[in-house]
Amino acid sequence: MKAYKELGKEELLALREDLNKQYEEAKAKGLKLDMSRGKPSSAQLDMEKDFLGMVISDADVTTETGVDCRNYGLLDGIPEAKKLLADMLGVSPDNVIVFGNSSLSVMYDTVARSMVLGVLGNTPWCKLDKVKFLCPVPGYDRHFAITEQFGIEMINIPMSENGPDMDLVEKYVEEDPAVKGIWCVPKYSNPQGYTYSNETVKRFAALRPAAEDFRIFWDNAYAIHDLYEDKSDDLLEILSECEKAGNPDMVYEFCSTSKVTFPGAGIAGIVASAANIAQIKAVMTIQTIGYDKLNQLRHVKYFKNIEGMRAHMMKHAQIIRPKFEAIENVLSEELGELKIGSWTKPVGGYFISFDAMEGCAKEIVQKCKEAGVVLTGAGATFPYKKDPQDSNIRIAPTYPSEEELRVATDLFVLCVKLVSVEKLLKSMEA
Ligand code: PMP
């Protein structure tokens, strides 16, 4: 098959007619499929039966230090849960606080605390005329929603396979004191599945921010979410890199077990320097009496240690991997030679990122929706939901079954073809 751009008008018109026919047939099937959010499938959730059924016996409710998890105490988490999260991220348990069931709420609180109370004695951000955040794009819509809600101005930073454009990051961070933060998903990024290179991490650690209270928001949501045993990405540990570079306080790292055990019922954590941890704990003392230590204990008893957790992640991988591969196969078979889109081939995480021809993403997502396949809204991967190229679409392969996924991907490629042909025809008329 020739690249679509090489086709003449007559060929394109004939192609459109054929694709339209296929589309109407697909629509008549009355599909009802959802590829919009990065949710585990029920097969993955069913794997956790033992976890759910695990009743912690009365004799079993104390931490290794003898604290009764049924009672108040240990505001910053039980020691063995700190160790589990620390091992997940390659840091010391002293740098960890264990929170409740969602890392997103920890990120929200971190921005809110900085707004209202300030960062380590600096002026609260809400008292400043302007606060800006850098946003590597495409990125995670819920990050952008937080900064948007607080009226923080968001600046797009293009991503590459190695991470954000560091020349731009350095320029903004080192020249503009209103730049207070950057959202990062450094491993298996949402949505591209890219992992920041060692050089990128080192350049982050070596930043010389114009603002003393500039912080890197390092959302390591997919730290152990490899798809393959024999090929995985490695991410340099940033806290120690920042320390080495003389910037110990510059990073807040976030994580959770939402996609290890249960979304919404896992444990979340923050990793930071001693000074940052002390400030966060001081605020927590006012904010809460403590989080669910029984859930923390349940996680530790279920996995035992990081090796147990990693082995468990390979079981997830067995379920998820074929789905990623099925999508990759359909995309490369159907679109490989047409030159109307490109996509990422991650070896971990929860997403594939697809870039359509400029000006086509919204229409593709709309057409899929009309035929019963829901995708993440076009634009959602950019601040203010505005993709300047209207080209990026996030594909979330995990939730549908393999069979459903094939049907959904077939429809997706059909819509990509149809919208691209229409776009090319329009550009001929113009
Ligand atoms: N960060 C990223 C990058 C995510 O993709 C997600 C889930 N989609 C989250 C955070 C949410 O994590 P949690 O369930 O711990 O709030």
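Owing to the predicted nature of the structure, the values given are computational and were not obtained by experimental measurement. (Residues numbered from 1 in each chain as written. Predicted model: local features only at pLDDT ≥ 70, side-chain atom pairs only at ≥ 80, totals over all residues.)

Next up on the list: the overall build of the chain. Counting secondary structure elements, the chain contains 14 helices and 13 strands. For 430 residues, the compact-globule estimate of 2.2 N^0.38 gives 22 Å, and the chain sits close to it at 23 Å. Seen through its principal axes, the chain has C-alpha atoms that stretch 75 × 55 × 35 Å. Taken across its 430 residues, the chain has 45% of its residues classed as buried. Of all intrachain contacts in the chain linking residues separated by at least 6 positions in sequence, the fraction that spans at least 24 positions is 76%. (Helix = DSSP H or I, 4+ residues; strand = E, 2+ residues; numbered from the N terminus. Rg over C-alpha atoms; globule rule 2.2 N^0.38 Å. Buried ≥ 20, exposed ≤ 12 C-beta atoms within 10 Å, placed from the backbone. Contact = placed C-beta atoms within 7 Å.)

Within the sequence span of helix 4 (residues 79-89), burial applies to Ala 81, Lys 82, Leu 84, Leu 85, Ala 86, Met 88 and Leu 89. Looking at the buried positions of helix 4, the neighbouring elements they touch are strand 2 (96-98), strand 8 (251-256), strand 9 (268-271), helix 11 (293-303) and helix 12 (306-335). At the exit of helix 4 stands Gly 90, carrying a positive phi of roughly 70°.

Sheet architecture is open: three strands sit in the order 10-11-13, paired in antiparallel fashion. Of all the strands in the sheet, just strand 10 (341-343) and strand 13 (392-395) have a single pairing partner and so form its edges. Within the sheet, the average angular offset between the axes of one strand and its neighbour, ignoring direction, is 20°. Sitting on the sheet, helix 13 (residues 361-370) is in contact with strand 11 (352-356) and strand 13, with an inclination near 40° to strand 13. (Pairing = 2+ DSSP bridges. Axes fitted to C-alpha atoms, helices over the stretch in contact; angles between N-to-C directions.)

Turning our attention to the domain arrangement of the chain. For the chain, the assigned domains are domain 1 (4-44 + 310-429) and domain 2 (61-303). Taking the mean C-alpha position of each, domain 1 and domain 2 sit 31 Å from one another. Facing the 26 residues of domain 1 at the interface are 28 residues of domain 2. Elements supplying a minimum of two residues to the side of domain 1 that touches domain 2: helix 12, strand 11 and strand 13. Residue contributions to the side of domain 1 that touches domain 2 peak at eight residues, all from helix 12. Considered class by class, the residues forming the side of domain 1 that touches domain 2 number 15 nonpolar, seven polar and four charged. (Domains from an automatic or database assignment. Nonpolar A, V, L, I, M, F, W, Y, C, P; charged D, E, K, R; others polar.)

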